[in-house]
Structures are given as structure tokens and as C-alpha cells.
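Residue-level listing of the chains:
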Amino acid sequence: MESKVVLSMKDISKTFPGVKALSHVDFMLREGEVHALMGENGAGKSTLIKVLTGVYEFDSGEVTMSGKSIVNHSPQDAQENGISTVYQEVNLCPNLTVAENLFIGREPRRFGMIDWKTMNKKAAELLKSLNIEVEPTGMLEECSIAIQQMIAIARAVDMECKVLILDEPTSSLDDEEVKKLFGLMRRLKDKGVGIIFVTHFLEQVYEICDRITVLRNGELVGEYETESLPRVMLVAKMMGKDFDDLADIKSERTGGIDAKETLIEAKGLGHQGTIRPFDIAIHKGEVVGLAGLLGSGRSELVRTIYGADKPDCGTLKVKGQEVKIGTPLEAMKLGMAYLPEDRKKEGIIADLSVRENIIIALQAKRGMLKPMSRKEMEEAADKYIDMLQIKTASRETPIKSLSGGNQQKVIIGRWLLTNPDFLILDEPTRGIDIGTKTEIQKLVLKLADEGKSIVFISSEVEEMLRTCSTLHILRDGKKVGEITGDELKQEKIMETIAGGEESHG
Amino acid sequence: MAKTGFDIRKITGNRLFMPLVCLAAVLIVGGIFVPDFFAVSINNNVLYGYPVDIVNRASEVVILAIGMTLVTAASGGQDISVGAVMAVAAAVCCQILSGGETSVNEFANPLALAIIAALIAATLCGAFNGFLVAKLNIQPMVATLILFTAGRGIAQLVTKGQITYIRVESYKVMGGFIGKCPVPTPVFFAIAAVALAFLVLKKTALGLYIESVGINGAASRLIGLNSTMIKFLTYVICGLLAGVAGIVASSRIYSADANNIGLNLEMDAILAVALGGNALGGGKFSLMGSVIGAYTIQALTTTLYAFRVSSDRLPVYKAIVVIVIVIIQSPAFHRFMAEQKAKRAAKNQVAEGGN
Amino acid sequence: MKRTKKINSNTFLLMITIVLFAVMYIAGMIIFRENGFAKPQMFLNLFISNAGLIVIACGMTIVMITGGIDISVGSVTALVCMVMAYAMENKGMNAYVAVVIALAIGTLYGIVQGYLVAYLEIQPFIVTLAGMFFGRGMTAVVSTDMIAITNETFMAWAKCKIMMPFGSYNKNGEFQQAYIYPTVVIALVVVIVISIVLKYSKFGRKLYAIGGNAQSALMMGLDVKKTKMQAYVLDGFLAGLGGFLFCLNSCAGFVEQAKGLEMDAISAAVIGGTLLSGGVGTVIGSLFGVLIKGTITSLITTQGTLSSWWVRITLSALLCFFIVLQAVIASIKKKQAKN
């Protein structure tokens, strides 16, 4: 039973100055299906979505909805044509109430005036029907990011749309919330809504999607039934080469830790309201993983060590010496480096060039009065562009015009340039294509071999299993366990994260 | 053909291209319509002519524009109190020199003391702004609004509501001429300020720090930059420079007129920054652009005076020119031009295809 | 518990403003009892002398909610006054026509500035800065001399007293009825209408949404450009209307008129709890901001020995207090959100 095609995009091309972002891409969405849009970073997924929602205008091609040709000049046009979108970054207004965010632009009115009572009532009903526990009269800025994401979805859902686009909505959700979201998607699907689902998580694709369209370098690779496309094949199609699998990274890096010298030792370190006092020891040449759900205190733990959030209790020893770290600069001078979780907000300095982004940490470490010479900067930049295979037009290209994966590499280069003994990598692979992911994992192991200590944070347990020799588990702002050696198994980790069993440590 | 096209783009792509075009446009209009616009002569050992007038009169704005550029880049906002701070500096300077009298013929206190005190006062004003912006995270416009409204009141408080006159020749030097030198002194102040600023930016990493903080404060903090300190520093520098400009302006009229010294100069300084092609939202900056912008504004003013436009009506023309320039620099206009270009290109392609 | 506290943080700012106004005024009544500060007429005078500013502050609040600013309003006021005076005195124009011209000038200003800000995406500060120069300059183009208004209809409006059902006794023990001028009624009607528009109209809520996060508003399908444009047009219209009210108070047009009025309006809005970053603000708050400014002025004039610059200094100190308070509340909010 072939369902009706609700949306079809034919022969879509889009050029940005100097870049061909999409060339002759076709895409077809049927009624009541969840359709995954896959591709590495820079493949053109986002551009295709933005063309569809009217953020960009396409150069050539045709978009038809239910047989009618349409052109969206703005998100408003798209909405009127029945296309709703939920973006990766929450696009709501923090200063308005939850109910307003749900209904703005289409508020219920009485005598031409907004009927707040009805609006709040309708909002409460909508939220309840979707199992979102939040007060409709509360301000949006008081909600957690996950709840905000759910509200954005609720808004899109309530718009009677025929096409719902979910652009990486799950990257800030935990498993429970993802489950809720999937429930929601299934219900919409049954109602005949066509859903375009953009994500980096393969498991989620295989759990919920009916079809997969793969893009690569702005071109269409093909459209496949999920059932008939094995994972390895999917990855291969995205990468465009025979994929030598992630398995060649061996996880034989355990044992013999005790003999090594301790680099970082924290005792009772904590920060009011974010992370309860914890102990942790990190040895030379070791990769330590921090596992836990989002909001469990993974990032907060490393932030206290690094001085990004000043610890308010406990002691910290670096190479046996007790230190007090009040600012990131002090941490850097002790040989630390910190790649933050939120690349866009805390990592890249968007308008500066790749060169400047690479050298800035070293420059800051040296101090204002000792500027690096132009030659020094260029050499440093070239070295890391080369070493990390950063794809950029030149070293003077603004970092913002690079793809996410390449931006991340620049930031890694920035820290390697400061020659740290201790690297903190907070979700270095999030939102990054699989190729770069593997590269980063390999790099982590290489750096450890060179004697650097690394803290690795990731939401993907598999990834941590491959790279880490010890895992520290966190739950609700508290360290609840430490797993090492033979115990490093997926089930064991899951159990500890979930907290079913009495933890040790 | 293709090669020349590339060269042109290289020139037009330069950050200083648009500011220079604006300056040139104003000068060309002046040159065509005002007789002897570019003529410079020496009368009584002093240089005369429109160009001299432009360079001389622009000095204060140039000095202010340096500080304004740094403040804008680091904090993404403007210091609208610089004009009022000029008045404060002038008031402090003159009050110390006069020793409390309304008009004196000789210094009551040493000149150096007065100047240092005035600069300290101005720097404190800058530090106050800096504290509000950097430490308390208040938007620059709002934070500096406080001194903008209070500044002239404070200046009047210092001079007890009087216009204090310092009728001493050596005080007039800073706004006049040094000995037999035919070039007006303010020009040297402006050159010195610009040179010093360039030296600081060249010999330290301050420029990169400011840009980094202005673009992404959170990221800058994590790579070891003290955003608060850097922002604070730019406001202190801005205050200090406003003090220098205030002393120059006061010396020109050998008095402290709290109501009129530096009046509307904050607007000129902000315009200079904008005309220099700097984004008022902060981030990357070009000091040279702002300096060119400052001279453009003065060139415009002088040209209009040459057209015998009364000072009351001057703002009309200034406003029109400003609007034209910002429209040309606006992103929407750039998009429009790019579209036109693309359309033309498409047409040409079609035509070629036909052949 | 935590939630109620947070919701009220904006209301809290407004409460402080109102309380401060009350305290200041009552203190004035007690200290300057002898000078007639306690008379009801004194209170009404606050509205009479600031009617124009109240209307202008409403317009300012609207553009500030969108995250913009309009520093041209002082010049627009001067231009409106001058054009009205010139039209009636030198051209013998009918007073009604003059009013229409005044409103048209304001609206035209709004349209041009709105277009430049919304559609050409130029920073509002720069656009209205140019507007400020232009307005002041045009006033001088119309006339550099002061023109006093003598037009009968106009003066009738200006002198038309609306008696209040209460009053006070003067030194001779005669009862004097308190009064207001029509300007006050217009100003208060504007405050009420704009309040309703902001809270209960689609347009009003869109203003808040844009100020909160323009990118999000766009993604939610709101027409950001059009709404911004409308905000500036409304602001321009109100500046024209405010200029007219101002003119009814001053009955003259001159170049230096209403200088610094834009800063008074911005201060009033900020003191009244409007955030310059946009997204937060009420016209009721701005009304109280204006009243506080008025109270300071009359306290200092009543006191008599303090020089006029103390008004500016006190107002700035107050502005400083409110700005710092906003900043502190914002940082507390941020910390709470983090936890």
C-alpha cells in the first residue's frame, strides 16, 4: 500500500557565494511516514531544510505539496503551507509565558482582543495531551532546555501541519525524553503527518524511521527503505567510501594504571548547586570517561576542575601540588585545556579566522604584552590545519563558515597548541559526522599514548567504551560510581547510570 | 579581463575601501563646488585653508573615535557619555587653574597638576562606565546614559555654574599653536593619540583580545581571557581619551563651558566608528577606518560651512549624508546589489548562450 | 515558591518604582508643606507639565520593547512645535490643520525610520541619531527665531481648564478648585490604550516576542520586519502627538526646544522597568518614570536654593540605581536558571 506523496522537492539547487550547497537534489515525503534525512556535516541537510522552510530561497528546482507547486519566501509562508519546523536550537521567546509561546501569532481572541483565559486553558490541554509537565503561565526562561524543546514540538504539532520537520531535536534530550518524543511522533504519524527527521543517532533512525534519504556533498545519494538498508551500508553511503568500521580502534588500554603517576587529584571538590563534592584521580596517559545522563553533572564536574565554575569546597592537587584554581587562565597555566560542550556558544569565536581561533588560547596563556608574531601564528595554524586535516579555504577564513566538524577540529588544534598535559573534552563528537568522530577518537588514544591525560565526556556509551580505561558515573549532580577493567561493559554502565544497584566509589 | 576583475574585487574587498570612498566623495563635492577648496596658504606664520581647518577641527573627534572604536568592539555598544566627560575634564582643569575665580589672567595652580587632575577625573568617569558595563553586565548605552545625563551637571557643579575663563597664553597653546609652528596643536594631539593607539595594538595582543571578547565573551573566558578586565580597560581608555579631547576643546576657547564643550561630539564619534565600516554590534574593528570616518565627518561639516550653511541648519545635511552612507553600508543594500549583479550575470549568460 | 518569586521580578521592579514615587512625593508633601506641595493641584501639575513627555515615553517604551531605541523624539517635538507655530502664525493656517500636520510629521518620521530599521536593517541608534540631527536642523530651516503662538483656537485649547471636584484653600482662605488641561486627558487615554494594545492585541504580543528573541519570532512565523516597522510608525505618531501636547504647554516654537527630551523619555522607561535589551516593559511603568522625573524637578524648584543642574544629577543617580537594580535582578535570575 503506497501512501500518498505529501511533499516532493525536485531538482533543487542552491549556491552560496563560492559554495554549491545543493545540486539537483530530489526529496519525497509520503503521508504518515517518518523520513530520515541523513548525511555528514556539510552534506546539505540543513540547507535543504532551510530551503524548504523559506529561510533561504533556492536557485532552481520545484517544490510541490499535495500536487500544488509552492514557493516559501519566509518561515511564515511555510507555516501557512502546512510545514512546521522544530530546530536543533530552541526557537522560542524566553520572555513570554509557555502558553504564549505555544500560541503566538494565532492567539484565541474575543472581541478582537487576546483571550488569555482560553489561551491558558488550551495550552494546558495541549501540554497534558503530550505529557509535558509544565505550567502554561510560567515563563519560558524558567524551563529546562529539554522542556523548551518539547514545548517547541508541541507548538509545531498543534499547528495542524501536514509536514513536520524535526531538525536534530534529540541532541539535548535524555533517553526518557527521546522516548516521549518518539511516542509523540508515532501518534502524529498515525494521523497522517509526514515527518522529516534529521539526526546523527543511527539507533534512533532504525527505531523510528520508515525511509532514509542520504545526501553527500550537496548531492542526493539515494532514498532507501530503512528495513532493507543495513547500518553498515548506511554509514558507507554517508561516507561515500567503503567504511573500515569503527571497530579498528581497539580498547586494549587498561591495566597498569596504578604504576603511573597521578596527575590530577580532587578531594571533596564541589560547586554549590551544580555538582556535589566528589573525588577523582586522573593518571598520566590515561583516558577517563565521565558518563551520565544530560544534567547529571558531567560538564559541571570538569568545569570545577578547570576553574570555569570556581569550586567552593574541597582540594585539588595537580602533580602532587595543592592548587587553587579561580579562573580558566590559572588552569591553563597548570597545563589544562578544556573543550566545552557547547561549541557555538563557548567554543568558536565566530568572526575570527581559523588562524586566530587556533592561536588565541596560546596567546592568552602568554599574556597580552607578549604578542605572537604573524609568522609564528601562521606556522602554528598551518601545522594544525595540516595535522588535523581541517577542511578550510584558507587559514584566514572565518571559522563560522566551516562545517561543525571542522570547527571542532580547530578548537582541538587550539588546545593542542598550548601543549597541555591534561585535556578535558566535553562532548567533542556531538553533532559531528561519523568520519570526523572516528578521527577524534583515534586522536584521543594517540594523545594518551603520548602521555597526556584526557577526560572524555560523551553521551554515547559505545564511544566511551572504545576510548576510556576508566569510567566515572554521575547521576543528579553526584558521582555515583567508578568502573574500570573487566567491568567496563555496556550493561554494567547502564545499570550504574540508572541507579538500580548500590554503587561503589 | 578576468584578471582585472579579480584585482578590483581585491581593492573593493578591503575594509578601508568604503570609508575612503566616502571621504573622497565628500572632498570631491567640496573641491568642485567650493572655490580654492584644496588651497593652503601661510598667513602670519599660520597655515590657512579648508584642508587645514578640516584636519584641525577633526582632532577631538579623532581622539574620541579611537576610544569609541575599542569600546564598541569589546562591548558591542557605545559610550554616549564622552561629550559629557569632556566637559567634566575641562571643568576640573579650568577650576584648578583658576583657583575658583570665574576669570583669571594667570594660573592659580601649575598647569601640569590641572591636566593630570582632569585626566584622572575623566579616567574615573571611564572606570565608572566600565564597572557598570563589564562587571554588572549593563548594556553600554544604558550604563553610559547615566553619565551622559549627569556629566554636564557634575561639570557645572565643579565650576559652580559659571563659565570659567583662563586668559593665559600658555593655556591656549593646546588648542592653538606651539610657538612658531604653523600647524595647529590639536593636530599633533590627534596624531599622537592615533600613533600611540596603533603602537599599543601592534606591540600587545590587546586588539585580538578585544575582538575575541566582543565576538564571544563566554568562549573568551574559557580560553583564559579576562573579559571583564578587557571590557573595563576599553572604557577606561575611552574615558582617558575623552579627557584629552576635553582639555584640547577647553584650550581652544580658553574656558570651561559645561554646557557646550563636547556637545554632540559623542554622536560624531559614534558616526566616525560607523563610517569607518565597523559593526556597531562589536567584534572585528578597524581603528584606521574610524579615524578616516572622523575626518570624513569634519570634511562634511567644513564643506557645508563653506556653502554658507548656518550652524543651526547643518544637522539636516549631516543627517542626510549619514543616512545615505549607512544605507550604502547596510546588509540589505549589499544583498540588493548582489542580486542585481547575479541577475545581470544571468542575462549575460543567456545572451552568450544565444550566440 | 521559586516560581512565584521569578514571575514577579519584572512586576517587582515596577512596584519599586511606584513605591519610590509615593515615598518621594509624600516626603515632599511633608517637607514642603508650607510651599503648597501638599495641595492636590501640585500633584495634577505633574501631569500638566509632563503630558507630552508621557505620550512620548509610551512610544519610546514600544520601540524599546522590540529591542530598539528612538533618540529622535526630542527633535521631532521641536520640529512639530516649530511647524505648528509657523503654520498658524506666519501662514495663518487653521489650528486643526496644524494639528493634522503635526501628527503627519510624526507619522512620516516613524515610517522613514521604521523602514530603515526594519527593512534595511540599520541599527536603530544610528537611524534615529540621523533623525535627531535632521529634526533639529529642519526646525532651524523653518525659522531660527522663536515664534510665539497667538492663534485663538489654539490658545483656547491651551487654556481650557477642566475643573476637578476637589481643591484646596489658598493663603487667604479662599477655596481654589483643582484643574487639569485637556492635554492630561489625552496623555492618560494614550497610556490606557497602549497598555491594552500591549497586553491584549496580537501586535502587542508580537512586539514582546521580537524583543525577547527576534530570530525565534521569525522562526515561529511572525512577520518581524513588518511588526518592527509598525512599532516605529506608532512611535513616530506618538512623538508627533506628544510634540503637539508639548506645544500646547509651551505655546511657542524655537530651535532649542525639548532638547534632551529623548533622554528623559528613555530614563522614564528604564526607571519604569523597561529593559533596553528588549522584551520587557510596560507603559504604566514608564508613566511612573515620568512622574518621578517630574517630582524631582518640582522638589528642587520648590526647595529654591538648589541649582537647576541638581535635577539632572538626581535623575541620573536615580537612573543609576534602577539600572544597577535591573542588572542585579538579572544576574540573580541567571543564577537561579542555572541551578
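For the structure itself, look to the data block above.
The following refers to the structure shown.

Of the regular secondary structure elements, chain B holds 16 helices and 5 strands. Over its C-alpha atoms chain B spans a radius of gyration of 22 Å, differing by no more than 12% from the 20 Å that the globule rule assigns to 355 residues. If you line up chain B on its principal axes, its C-alpha atoms span 85 × 60 × 35 Å. Within chain B, buried positions represent 55% of all 355 residues.

Before going further, it helps to spend a moment on the packing of helix H3 (residues 50-57) of chain B against helix H14 (residues 287-306) of chain B. All names here are of chain B. The interhelical angle for the contact between H3 and H14, taken along N-to-C directions, is 135 degrees, at an axis separation of 9 Å. By the angle between their directions, the pair H3 and H14 is classed as oblique. As H3 packs across H14, the resulting crossing turns out to be right-handed. The residues of H14 that touch H3, namely those facing Tyr-50, Asp-53, Ile-54 and Arg-57, are Tyr-295, Gln-298, Ala-299, Thr-302 and Ala-306.

Right, let's get into the interface of chain A and chain B. When the parts of a complex come together, some accessible area is lost, and that lost area is often used as the size of the interface. With 23 residues of chain A in contact, the opposing surface of chain B contributes 20 residues. Broken down by secondary-structure element, the contributors of at least two residues to the side of chain A that touches chain B are helix H10 (328-333), helix H11 (343-347) and helix H12 (354-366) of chain A. The dominant element in the side of chain A that touches chain B, judged by the number of residues it contributes, is H12 of chain A, at 6 residues. In the side of chain A that touches chain B, the residues fall into 16 nonpolar, 2 polar and 5 charged.

The residue Phe-188 of chain B is located in helix H9 (residues 185-203) in this model. Sequence separation between Phe-188 of chain B and Ser-250 of chain B is 62 residues, and the spatial gap between their C-alpha atoms is 16 Å.

Turning our attention to the interface of chain C and chain B. Each partner contributes to the interface: chain C provides 35 residues, whereas chain B provides 37 residues. Breaking the side of chain C that touches chain B down by element, the ones donating at least two residues are helix H5 (124-142), helix H11 (261-271) and helix H13 (309-338) of chain C. A class-by-class count of the residues in the side of chain C that touches chain B yields 24 nonpolar, 8 polar and 3 charged.

Core analysis: the biggest nonpolar cluster contains 380 residues, and Val-88, Ala-89 and Cys-93 of chain B have the highest contact counts within it. Those residues in contact with Ala-89 of chain B that sit more than four places away from it in its chain are Ala-118, Leu-119, Ala-121, Ala-122, Ala-242, Gly-243, Gly-246 and Ile-247 of chain B.

The rules behind these values
- Residues numbered from 1 in each chain as written.
- Chains lettered and ligands numbered in written order.
- Predicted model: local features only at pLDDT ≥ 70, side-chain atom pairs only at ≥ 80, totals over all residues.
- Helix = DSSP H or I, 4+ residues; strand = E, 2+ residues; numbered from the N terminus.
- Rg over C-alpha atoms; globule rule 2.2 N^0.38 Å.
- Buried ≥ 20, exposed ≤ 12 C-beta atoms within 10 Å, placed from the backbone.
- Axes fitted to C-alpha atoms, helices over the stretch in contact; angles between N-to-C directions.
- Parallel < 35°, antiparallel > 145°, perpendicular 65-115°, else oblique.
- Left-handed = near helix turned anticlockwise from the far one by under 90°.
- Contact = placed C-beta atoms within 7 Å.
- Nonpolar A, V, L, I, M, F, W, Y, C, P; charged D, E, K, R; others polar.
- Core = buried A, V, L, I, M, F, W, Y, C linked by C-beta atoms within 7 Å.

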